[in-house]
Every structure is written in structure tokens, then in C-alpha cells.
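This is what each chain is made of:
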Number of protein chains: 2
Amino acid sequence: MIKFCLKRVAAVLLLLLLATSAQAQQRPQKATWIWYPGDYEIWLGNQMQNRRTERGTFFPVFWRMDSHYVLIDFHKDFDLAQPEEVELRAEGQYNVKLDGKPLTGAPTHLTVPAGKHRINLKVYNQATPPAVFVRGNTIASDASWLVTYEDKEWIDASGKTSDQSGTTWLQAGAWNFDSPEARPSAFKLPTEVRRAAQVERNGQSMLVDFGRETFGYIKLHGVKGKGQVAVYFGESKEEAQATETCETLEYLAVNQPQKGEQTTTLSKAFRYVNIRPEAGVSLDSVSLLYEYAPVAERGKFRCSDAQLNKIWDVAAYTMHLNTREFFIDGIKRDRWVWSGDAYQSYLMNYYLYFDTPTVNRTQWALRGKDPVTSHINTIMDYSFYWFISVYDAYQYTGDKAQVQQLYPRMQSLMDYCLNRRNKDGLMEGLAGDWVFIDWADGLSKKGEVSFEQLLLCRSLESMALCAKLVDDQTGAQKYQQLATDLKAKIFATYWNPGKGALVHSRVAGRPTDHVTRYANMFAIFFDYLSPEQEQQVKKSVLLNPQVPKITTPYMRFYELEALCAMGEQPYVLKEMKSYWGGILDLGATSFWEEYDPTKKGTEHLAMYGRPFGKSLCHAWGASPIYLLGKYYLGVKPLTPGYATYEVVPNLGGLQWMEGTVPTPQGDITVAASPKQLKVKGASGTGTLRFSSKSKPSCKGGKIASKGNGQYELTLEKGREYVVTYQAL
Amino acid sequence: MIKFCLKRVAAVLLLLLLATSAQAQQRPQKATWIWYPGDYEIWLGNQMQNRRTERGTFFPVFWRMDSHYVLIDFHKDFDLAQPEEVELRAEGQYNVKLDGKPLTGAPTHLTVPAGKHRINLKVYNQATPPAVFVRGNTIASDASWLVTYEDKEWIDASGKTSDQSGTTWLQAGAWNFDSPEARPSAFKLPTEVRRAAQVERNGQSMLVDFGRETFGYIKLHGVKGKGQVAVYFGESKEEAQATETCETLEYLAVNQPQKGEQTTTLSKAFRYVNIRPEAGVSLDSVSLLYEYAPVAERGKFRCSDAQLNKIWDVAAYTMHLNTREFFIDGIKRDRWVWSGDAYQSYLMNYYLYFDTPTVNRTQWALRGKDPVTSHINTIMDYSFYWFISVYDAYQYTGDKAQVQQLYPRMQSLMDYCLNRRNKDGLMEGLAGDWVFIDWADGLSKKGEVSFEQLLLCRSLESMALCAKLVDDQTGAQKYQQLATDLKAKIFATYWNPGKGALVHSRVAGRPTDHVTRYANMFAIFFDYLSPEQEQQVKKSVLLNPQVPKITTPYMRFYELEALCAMGEQPYVLKEMKSYWGGILDLGATSFWEEYDPTKKGTEHLAMYGRPFGKSLCHAWGASPIYLLGKYYLGVKPLTPGYATYEVVPNLGGLQWMEGTVPTPQGDITVAASPKQLKVKGASGTGTLRFSSKSKPSCKGGKIASKGNGQYELTLEKGREYVVTYQAL
């Protein structure tokens, strides 16, 4: 009896122990709303991109807009130490199954017994993406749940469910909707109240200056009367005053017997607003509901040059305004997600916010769904930037899941591209293909443009890398072979030894002898040139004023990157100061879509044949952030997610600089002067590379000489290294 | 001066004349709401198919639900004699362009100047399909407008629109939404009030009998109190009373301090409803809002056999209940659009309503969109029925536009099928494929089932015909070759001369020796057998009681069709009377999903392992409509749209019969007795074929003898022919 009792006691103790350890695991899990990967992003992209208006008229995109799958099954298997109560929410009409058996109605709570169990929710929602939120002590909806748009769960005449499944399950998509109330479909960017900097009144009308480029809703205070208030927006004062030609406006219908408040319905870009009430309507004042993406500015840059600091600040502000639900092109006009523009935003983002969710969302929204019937944004180059961006993102973020989820859509988009090659295996613009390259007068898009083949080649290389990553060995081989062959063909076709450059295009089967900067500068940072070719290109193209100049910050980005990649930081520094400094000298408070120093006065505001057509706050204007982070502070990942990285500071003539580069796990800080380098990395293993006239020293770090005045220092996580050296 | 005046008068007269002739052309056009073809149908299909509940729990489909394109451009070019005011409506956010120039805002009226002009509307709508309604004197939105989901209208930096278009324009989809108020997204089937046939009260509860199978909403009258009213639906009295196992129910929350009315939220199928108010809730009475599709019953059949007349009437009622937004399977349970079920409804429809819009809608909803990731409804055979239905529909309706619009989706679905053939070019069930065939105990789906290959072969033949129709000569050749090769392979593989039959399947590379009816009966009316083989199959399969019997009206449809095709009308008549008559003898008021005469009592109500799982009103139960129209009245088109047709009356032992068969342009009426045939066709050219013991006569018609007692008479449009003859 005693034995038996002891046994029971032991058993009870054991159970208690187990329960305690189970309890220890039972911190309430962080649950989040989940959906079919890409679907929320595509839907949100539609929401965002259909907010464009031109002088009050709806102005939608001209490519296909996809939609979410309207019926989604979500499930996960759990093994519970003890029964658990879970809370269930869904966006849409839904049912809940426990171990395959449907519960009655649409339950908001469920008790899951101890042991192994599967929870399924199936949700239908035509208007917004099906989404679920499930939260218990150990059970929580998150990206580890599996989802499908076709579960193929048929039953036979006896009621038995099919046991042969051809269902593809993907991991759920998620972001940061971490409470049951934070319904994804209700998402809105936050706003903050801002006051005007200056107001000029003229009777009931007023011209309001918010002091700098900004974005949001206009709120009228103390409005009274009946009639219309016209609100004309302007990125420039001239635009706000040009009631007949300003790009955006809104007419507010007022019917306020007593003084009240009224707000515009769409958020807009402007610095100035011109408020014109009809007779019979009056108002007291105007404020701004500044709308913004709550991303944290982790990247920093300061240096001995005040103008460059200003450039960095305005670039960061430009980037912030254009970082919204997605990385968009510009805040005044399109507010669309353009792949080529976004590609640059991703790169800037890695040196400013390191906000990976915005990168991922933008990639999903751009890609949309199968079948592919058009290039991304209809632009050939923009399909290619998208491929390249996916592997790039992996290199910076180490987010393999994103590549895995996107890979099938990478394959189908690449199939589309490869099917559009001509008999010579090159891509030229077919009906419906926009060969964009850049905004540049007289730029030829005829025949097979070398620039496009280069981007296709890089895209194939990205495909090969991604294929390897997701274990598609056949694909990896295929894409690598295609890239190798294409690269050889590019040089056989376009390289003109006499000109020391890749020529612009091949027309009617023959290479032209026209040289432009595009293919040449990309060939440099794609590392496609031999050292000799590189020097030839530098001289005969990049530093050759005879080759047509680039007038968009968009392509200046790559032009300057190519020069930086060849160590021309001092030259690039001057270029940055003159080009971006030139925009600032014209009173800009954000960077522009295009800047041609030869233009004068209000010519700077015009584009697309319209007097205020140009965007004065364009994401691609912010590239100094990227250039300064990558090529001056000199920080970049060597292996995915900054597991290893290098720091190669280059002052480019500055007396000193200091800054921070964000990484997935923490920041890397760099401070440099010609005598001292100070570096600290919060994670991963870094390599500091520098050159010195004399033997450098570092307390606590072991500097290795690489010969010719080149040195290396391994940077361990969390430690600060101070190197004393003598810059060349 | 006088001359001048005369000239002026002449000019004025001329203007007046021109104006009058323009006026004559200016009857206000019949405008209708239009959309991207297939999109409204897919969306409406989602609405309909997500109304299924099982005991109050949402029960969605298990295949992919597609969605409409959310952003659509609509346009048409007009040449106006004089300016014209048009009215504009859209479902969604929209803009309007006249000759490429956007108008301000979202105008509801537009004045189009005289001359050549293009009107564009571009509409975004995430929740419901973008649709427009445009109406002027000569301008009207209709199926002649062109639509696209990607107009690819980009502009260059100067503002010039791209002139190289790769846009695919399709003709708009439309139905019958012919007024600005008739918004497609608001569409609902009409309802009518119906009274109960009998009510049994028990305290506050009541069991209501509506006299026969019906469908709609239950309305409670004189409801008072606070609490719940449970409404249990039953196709049988037993089901309504079985509160724990009835298939459908609804709980109505009542909170009525004063007597009021309350209606159930989802329309349901039932004959009986069991109303159970909680204590504290009372009600006076119950009525039905009968919900129905307003289709006209054009087909008719009457004969000397009262039971057969009853069968036809109940079949027509069964068909009416299952003809809703789409042709659905059954009204109680799924209410889904199943391709195999719909295929039979199309055929019945051609002999009852000739409602082509419902056929077209159903075909669109079934097919959904690309990419194809599954068979239609996940069922291999159901993909095949869909192909066959498209050409069939063309044969009956002559609606070439539907084939043209569907053809690209036919191609992609066929690609999907062909890619799933195994190394021997045959199709077997791969992961995720449901090989359905029929509900039949122990029916093997293993290996390559002969029935599926036969359907694939017929699908390829349909593809070849459709390809020819849309001028895809390459496709026509390819599909015809594939069909020819496959047919040869089918006979080489499955035909067992010893058994005089096609065997059921090939397993592990070897034909089995198991014989079932499926492939054999299809081979007959596909006309794949030699006359000898046909006789062998008739004897060794169709009339052989050793071959497993069919217990669903679904496959009895084809079994009896095969026998009719061989002239076995007298035998089939007996089978109809015994099988469908058997269902009626059990008190049915509509035809069932399955009927096995060997079952007893409530066994008849069970299916899928559930006591009331069986649908007692299933479309596929209505096949006598088709058999009697096509094989007794003997009417069928010989060329598309009944341009030519034949009438081959076959009394099958009846003393007399008379009936009407609808065609696109009018009805064909047939009356037959062994002594007289009376036929009249409203359009097309018919051929009456009959046999007679003695020389027949016809006033006004010229009878041609074809030898062996066979005669023919050509039927001209609109004339009635009365033939006196002597039946064999």
C-alpha cells in the first residue's frame, strides 16, 4: 500500500513538474493577424495607387491590378500540454474546424483540448483580404501558420474526406497587426497636427505656407456658411497660385450654419495651399494633418561639410515622405509603386530605416499575381529591377522566407521575359513593352538596347542565386547558364573596342555606334568589365562630357555609384554638392524628380508638357543617403543579413565624417578622419579595410597588413575599435 | 437678293432634312450595364456559392475562387451626326475621357460633339465588378463596347501617350441590367409570397408544410417577445423534426416588444419548416417568400401517359428550382456550380427555357481565371464536361461571341489537362485530382479510367471545332490530331472483344477485365463505336443486369440517352416510368440526387453518412425533360443555332404526344400519333424524318422517300405540316 501511495505521489509530482514546465512555456504568445502571403500587400497597393487624382479627376494606373484570393484556409497543428482557451477573429465570413470537424456558427472562442490538434479557419471576403487572428496561451496566429486558396478537401458519398491532396500550403503573410482590434483592412497611416509657417490673407482667401514640402490633409477651422471652398495645392508657391494649372486640388462642399471644422478627403503633397472660399463661406484658420509612415530613422550621417549634411538631411526627409504604405515614386502626382523607383528606395532604406516589411510589401505589390500579361508597370527594365531587388534584399536582410514565398512568381515572370526574347536571344520592345531607361530627350529605345540586356543578365544571375537558396538546383543551373551565355553575347554584340565602351543598342541586326552612359555605368557596379575596360569606360564615358549628360537624380544614382565603385569618391562628392546642392540653392526643401542646371526659374517646375508637372519630392532624389552610407562610411554586407560585412571608409576629401548604418540585428557606427577610424558593429563579423601611409594601430584589435599600404581589421560583435592611422 | 434668299431657304431646308434623317436614327438606344466578360459572372458565382451553410455554419467550396479585375477601361468610338447628351453611371470610382482627354471629376453627364469621338470610362472597384452604364440618343453601352484590364497607356516626359499598344481588347460582358438604377451588384432573384399548405401547432411551436419542395425565406408574422426562434428546415417531414441532424437551420434573434415581422436571412430549400420559439417568444403565423429565377418555360410536353406527364412536370419544377443565378446542383445543400451537374442542366435548358444567359454565366463562373491550378471543381471529368459544353452550347444557341470570349481560357485549361497526361498519353488521377465519374459504391478510380480518356477525347474534338470557329487553324489541327490519336489509343487499350465492351480501366499498365457502364454508354452517343460494337455493347453492357446498376439520375441520364440513340425508346420509356415514377411513388415532389429502389423508408433520405444528407431536389434528377424533347419529340439542331434541325418523332409506345421545343428564334411544335405527325418550326429549316408502313401524305409539303419505309419532309419556317402516315 505504501509503495502504491508513493508511486501515486511520484506520479502526482511528475504531473506537477510537467504542468509547471508546460506553464513555463505558456507565456501568452504574440499573436498577429495573418493572411495569404502577398494578398494584403496587393490589396493595400490597390488602395494606395487608386488615390491618385489629377485636378480632382481619378487617375488610375494603366497596368493590371490584381486582387487577393477571396477564400482562404488557414491552419496549424498544435500539441498542447493542457487544454487551452483561444480567441478567434476573422475579417470576412468564416468557419472554424477543430481536427477537421466544423464548429457551430462563427465562434469567437474555442477550447482546444490537451494533445495534438489541428485548428483550421476558412474565410471568405470579397472586398478585403481574408485574415485571421487567433490567440491563446500557447496558440497564436503568426507567419508559421499554413495557408492555401484551394484545400481540395472533397468527400465521397460516405462522407469520408479525400486523403490524396495536391494542395500547396504557403506560410501565412503578416505584418504588425498584433491585437484583435487592429484589423488589417482598417489600416491607415498615422497623422499629426502641424501649424502653418506663414499665412497671407486676401479677403476670405488665404495662401498658406507650411514652411517646407509636406503631406497630409488640410483642416479648415472655424468654417461657416454654405458653398464651396476650393483648395489648390502647390509644391511651389507658383503652383498653388495657378488655380487653372496646379496639379492637385479639392473642392470642399460646406454647409455649416455654425462655425465648425472640415478636412479634405484625400491626403496630398504640398508646401503651399491656396484656400478660396466662395462668397458666403468664411473660415478662421487652416492646419495640416501631417500623414507619415512611422518608420525609425536608424541611419545617420554627419561630416565636416555643412552643405553635405544639409543634403543628407533633405534626402532623408525626401525619403521619409516617399516611404508610405509602400515605397512610392513621388508624393504629389503618381503615388504609385514603380519598380525602378522602388529599387532605389530599397537601397536607400538599407542605409536609413532598414524597414524590411516595407521592402517586402513593395515587392509583393509590384509583382501582383499570375498570369503575367505585362512587364511590371509595363516597363521592361522594371521587371528586371524587381528580380535584382529580391536577391539584393536577401543579401541585406537575410530574410529567406520572402525569397521562398516569392520564388514561384519570380519563375513565372522570368518565363514571361525569356519568352519575349527574339531569335537572337535578345530583348527588344514588343507591342505593349515600355522601354524606359530614363527621362532623357531623344533617348533611342529602338532595337535591342544594351542596357536592357545587361539588366536581364543580372536578373538571371539573381534567379540563379535565389534558385539555389530555395533548393531548386535545376533552376539554378538553367538560370546561371542563361546568364553566362547572355553576358558573352552582350560583350560580343555591344562592346566597341575603338570607343572603349558598350554601345547603346543594336538596330536591324547591327550595333549602332552611339554611346550612352546607361549600360556602361551598370557594367561597372555589376562587375562585368575587366579592369582595363573599366578604365576605358571611366575615361571615354563617365568622365567624358561629350556623352549626353544625365538630368535625373534617378540615373545619377547609378552614375555616381559606378564612380564610387571605382574609388572616385572625391569626384562624386563634388558632383553631389553641385547637383543636389544646386537643387537646394533653388530653395528646395525636398529633392526633385528631375534637375537640369541649365534651366531657369519656373522652367524647373514643368514636366510632361505641364507647367507644374514635375514632382518636387521624388524618392529617387534621395540617393546621397545610399552613396554616403555605402561608399563613404563604406558599409555593406558580404553575406546575407550582415552575418559578415565590410567597412571601407572613404572620406572623399572630407575632414571627418561619422554615421550609423542599420543592420537586421543592430547598428554599425563608423567615425573617420584622416588620422582615426572608430568602428563598432552590433552583430555579425565585420572587416574594416583601410589604407595608411604609416603602420596603423588599434588597441584591442589585431590589424593585418595586406601589402601596399592596405590593412584589415576583424570586427567582433559589440566591440568598439579605434584605429590610429595616416590616410593616404 | 431673291436668289440669295432662295439659296438660304434651300440651305435651311437641307439642314432640316438632314436633321430629320438624323432624328430618324436617333431612337434612344437600348443601353445596358456592361463589365469585363466573365467578371460579373465569377463575382456573382462567389456570392452564390458562399451562401452554403451546414447547420448554421458557413460551408465554402474547396477549390479556388477567383475574382473580378478591379480596374477596367471601357471604350467605344462613335460617329455622331449631331451633338448628343449622354448619361453616365459607374459602379466604382471612375473617370471619363473624351478623345483621350479626361473630364473633371466623375461626371454623370457629358455632351459629345458631332463627328467621330471616342468615349472611355475607367473604373476601379475592389468589392464588386467595375461596370458602366452609358445612354444617349445614339450612344449606348452594350456588348459592342471594348474592355481591357490593362490599357498600357503610358506617357513620355513630354506628355505624349504611347502609340505602341500591346493591349488585348475584349467585347464587354452584359446581361439584362437595362436601366441606370439596375446596378449589377445589387442584383437579387425576385421573391413572391406563398402561404403554407398545412400547419401543425404544438404550443408556440409549429410544423409547417408548404405542400411541396420549395425555396426561399421564411417570414414570421406577429412575432413578439425576446429570445430566439429556431427554424429547422426539412425537405422531408422527418428532417424538419430532427432538430439535431437536419441539414439546415437558422436561429433568429427576436426582440419585439410589439408584434412584428421577421424574416430568415438566407434563402433555403425545404418543404417543411419546424418553428421552435424559446419561452417568452410567440408568433402568429408563417409565410414563405418564394425565391425564383424569372425564366420562361418555353418547352412543353404532354402525352397519353399520365404518369409520364407527371414525371415531366416534376422534372420541370425540379429544374426550375435549380435554375437560379446559375445552374446549381441542388437547392438544399451545396447550391454550388458543379460542372458535371451544370452540363446536364444546359442540355435540359435547351428543351425547357432556352435561357442562354444562364448557360453563359454558368460557363464563366465554372471556368474562373488563369492560371489553372486545379480541375474545375477539382474533378477531372468536370473539366472535360466544360469543354464539351462550350461547343454544345454553340450548336444549340449559335452564340459565337461566347465561344470567342471563352476560347483563351479553353486553351489554358486544355494545356493544363494535356500537361497532366502520363508517359502513355493517358490521364490518371494525380495528387489533387478528384476522379468522380458517379456516386457508386466500390467504383474504382485507380489507374487510367477509360471513361476519363473518352471525355478527354471528346473535349479535344470540341476544342478543334471551337478553334476553327475562332479562326485558330493551327489549334484546330493540333486538337483534331490529338483527338484522333487518343481515340485510336482508347480502343487499342480498353476494347475487349471477348467482352464486347470497353473495360473500366488500366492499372499498372494493364487493362483490367472489369466492365462498367460509363465509358460504354458515352461511346455510343459520342458515336465512337462501329455498328457491330454498338450492338455488342447494348447486349453485353447496357441491357446486361450483371453489370453494376446505376443508382443516380445523373448517370441514368447518359445510360438512357445511349439507349435512345440506339432507338430503344420503348425500353427507355419503361425505365423512366419505373425509375422516376418510383421516386414519385415515394411521395416526392421534386427529383432526387440519388435513388436506389432497393432502399426502404428513411434510408432514402440518407447520404454522405448523414441521415438527411441526400438532396431531394437535384438538377440532375430532371433529365426526362431532355430525353423526351430530344429523343421522343425528336428535335435537335443540325447546324448551330437551329439554322437547320431535324425532327424525328418517336412515340416509344405512347398513343400520342405533343410538345414544344424552344430555339433561339422561336419554337418548334411537334404532335405525333401513330397516324399523324403535326410539325411547325418558327425559324430555320427543318427536316422531319419518320418511317411509315404505307405511303404518307402531307398537304402543302413534299415528302421524299428514302427507301425501306423511311421518309423525309423539309420544314420551312413558320409553316405547319400535317403528315398522315402509318407508324411501323
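Note that the structure is a prediction, hence the values are computed from the model and not measured. (Residues numbered from 1 in each chain as written. Chains lettered and ligands numbered in written order. Predicted model: local features only at pLDDT ≥ 70, side-chain atom pairs only at ≥ 80, totals over all residues. Heavy atoms only, no water.)

Draft legend 1. Examining the overall build of chain A more closely. When you go through chain A residue by residue, the secondary structure sums to 15 helices and 36 strands. A compact globule built from 728 residues would reach a C-alpha radius of gyration of about 27 Å, and chain A, at 29 Å, matches this within 12%. Principal-axis analysis of the C-alpha atoms places the extent of chain A at approximately 100 × 80 × 60 Å. The burial tally for chain A puts 60% of its 728 residues in the buried class. Pairs at least 24 apart in sequence give 73% of the contacts found in chain A among residues at least 6 apart. Accessible surface, chain A: about 28100 Å² in total, of which carbon and sulfur atoms supply 50%. Of the charged side chains in chain A, 83 are positive and 77 negative, and the gap between their average positions amounts to 4 Å. (Helix = DSSP H or I, 4+ residues; strand = E, 2+ residues; numbered from the N terminus. Rg over C-alpha atoms; globule rule 2.2 N^0.38 Å. Buried < 20%, exposed > 50% of the residue type's maximum accessible area, 1.4 Å probe, protein only. Contact = heavy atoms within 4.5 Å. Areas by Shrake-Rupley, 256 points an atom, 1.4 Å probe, with all protein chains shown as cover. Lys, Arg positive; Asp, Glu negative; His and termini not counted. Charge placed at Lys NZ, Arg CZ, Asp CG, Glu CD.)

Draft legend 2. Quick look at the confidence of the model for chain A. Mean pLDDT over chain A: 94, with 96% of residues reaching 70 or higher. Across residues 1–26 of chain A, where pLDDT falls below 50, the model places six contacts with residues more than four positions away in sequence or in other chains. (pLDDT = per-residue confidence, 0-100.)

Draft legend 3. Just the interface of chain A and chain B, in detail. Each side of the interface is counted separately: chain A has 61 residues, and chain B has 61 residues. Taking both partners together, chain A and chain B bury about 4900 Å²; carbon and sulfur atoms supply 58% of that area. On the chain A side of the contact with chain B, Phe-58, Gln-126 and Trp-154 of chain A bury the most area, a combined 13% of that side's loss. Applying the counting criterion to the chain A and chain B interface returns zero salt bridges. The interface formed by chain A and chain B includes 26 residue pairs in polar contact (both at pLDDT 80 or more). Looking at the side of chain A that touches chain B, the elements with two or more residues in it are helix H2 (39–49), strand E3 (57–58), strand E6 (93–98) and strand E9 (115–124) of chain A. Residue composition of the side of chain A that touches chain B, by class: 27 nonpolar, 22 polar and 12 charged. (Buried area = accessible area lost by both parts, 1.4 Å probe. Salt bridge = Lys/Arg side-chain N within 4 Å of Asp/Glu carboxyl O. Polar contact = N/O pair within 3.5 Å; in protein donor to acceptor, adjacent residues only side chain to side chain. Nonpolar A, V, L, I, M, F, W, Y, C, P; charged D, E, K, R; others polar.)

Draft legend 4. Highlighting the sheet that holds strand E34 (residues 703–707) of chain B. Residue and element names in this part refer to chain B. With mixed pairing, the five strands of this open sheet are ordered in space as E27-E28-E32-E35-E34. The open sheet has two edge strands with one neighbour each: strand E27 (635–637) and E34. The sheet shows a mean angle of 25° between the axes of neighbouring strands, direction not considered. Inspection of the sheet shows strand E32 (residues 685–691) paired to strand E35 (residues 710–715) by six bridges, in the antiparallel sense. Residue pairing across strands places Arg-689 opposite Glu-712, the latter belonging to E35. (Pairing = 2+ DSSP bridges. Axes fitted to C-alpha atoms, helices over the stretch in contact; angles between N-to-C directions.)

Draft legend 5. Spatial organisation of the relation of the copies chain A and chain B. Overlay of chain A on chain B (RMSD 0.0 Å): rotation 180°, translation along the axis 0.0 Å. The operation mapping one copy onto its partner corresponds to a two-fold rotation axis. Minimal C-alpha distance to the rotation axis in chain A is attained by Ala-127 of chain A, lying at 2.0 Å. Comparing interface residues between copies, 100% of those in chain A also sit at the interface in chain B, which points to an isologous, same-surface contact. (Least-squares fit on C-alpha atoms with pLDDT ≥ 70 in both.)

Draft legend 6. How the structure looks around the packing of helix H11 (residues 517–525) of chain A against helix H13 (residues 553–565) of chain A. All names here are of chain A. Close contact between H11 and H13 brings their axes to 8 Å; oriented N to C, the two are set at 45°. Between H11 and H13, the angle falls in the class oblique. By crossing handedness, the relation of H11 to H13 is classed as left-handed. Between H11 and H13, the residues in contact are Arg-517, Tyr-518, Met-521, Phe-522, Ile-524 and Phe-525 and Met-555, Tyr-558, Glu-559, Glu-561, Ala-562 and Ala-565, respectively. For the contact of H11 with H13, a count of residues per class yields nine nonpolar, no polar and three charged. (Parallel < 35°, antiparallel > 145°, perpendicular 65-115°, else oblique. Left-handed = near helix turned anticlockwise from the far one by under 90°.)

Draft legend 7. A look at the pattern of salt bridges. Residues and elements named next belong to chain A. A complete count under the given rule lists 90 salt bridges over all chains for this structure. The shortest N-O distance in the salt bridge between Lys-369 and Asp-39 comes to 2.8 Å. In this pair, Lys-369 is assigned in the loop between helix H6 (356–367) and helix H7 (380–397) and Asp-39 in helix H2, connecting sequence segments 330 residues apart. For Asp-39, a relative accessible area of 1% puts it in the buried group.

Draft legend 8. Looking closely at the pairing of strand E8 (residues 109–112) of chain B. Residues and elements named next belong to chain B. Burial of the side chains of E8 is restricted to one face: Leu-110 and Val-112 are buried, whereas none of His-109 and Thr-111 on the reverse face is. With four bridges joining them, strand E5 (residues 84–91) and E8 adopt antiparallel strand pairing. Each residue of the ladder has a partner; that of Glu-85, found in E8, is Thr-111.

Draft legend 9. Expanded view of unusual backbone geometry. All names here are of chain A. Here the bond from Asp-370 into Pro-371 is cis, since omega is -5°, no more than 30 degrees from zero. Tracing the sequence through the fold places Pro-371 in the loop between H6 and H7. A positive phi angle, close to 50°, is found at Arg-55, a residue other than glycine. As for its placement among the helices and strands, Arg-55 is situated in the loop between strand E2 (53–54) and E3.

Draft legend 10. Region of the structure containing the packing of aromatic side chains. One pass over the full model with this rule turns up 130 aromatic pairs over all chains. Between Phe-522 of chain A and Phe-526 of chain A, the ring centres sit 5.6 Å apart and the planes meet at 80°, which makes this aromatic pair edge-to-face. Of the two residues, Phe-522 of chain A and Phe-526 of chain A, neither departs from the other in class, the shared state being buried. Consider the rings of Tyr-350 of chain B and Tyr-396 of chain B, whose centres lie 4.3 Å apart with planes at 10°: the pair is stacked. Note that Tyr-350 of chain B is positioned in the loop between helix H5 (339–349) and helix H6 (356–367) and Tyr-396 of chain B in helix H7 (residues 380–397), a separation of 46 residues in sequence. No difference in accessibility class separates Tyr-350 of chain B from Tyr-396 of chain B, as the two residues are buried. Stacked on the ring of Tyr-290 of chain A, the Lys or Arg Arg-194 of chain A has its end atom at 4.1 Å from the ring centre. Note that Arg-361 of chain B overlies the ring of Trp-175 of chain B, its terminal NZ or CZ placed 3.6 Å from the centroid. (Phe/Tyr/Trp six-rings, centres within 6.5 Å; stacked < 30°, edge-to-face > 60°. Lys NZ or Arg CZ within 6 Å of the ring centre and 35° of its normal.)

Draft legend 11. Seen up close, H7 of chain A. Residue and element names in this part refer to chain A. Under the 1.5 Å per step criterion, the end-to-end length of H7 is 26 Å for 18 residues, consistent within 8% with the ideal 26 Å. Most of H7 is tucked away: 17 of the 18 residues are buried. Once H7 finishes, Gly-398 follows within two positions and takes phi at roughly 70°, a positive value. (Expected span 1.5 Å × (residues − 1).)

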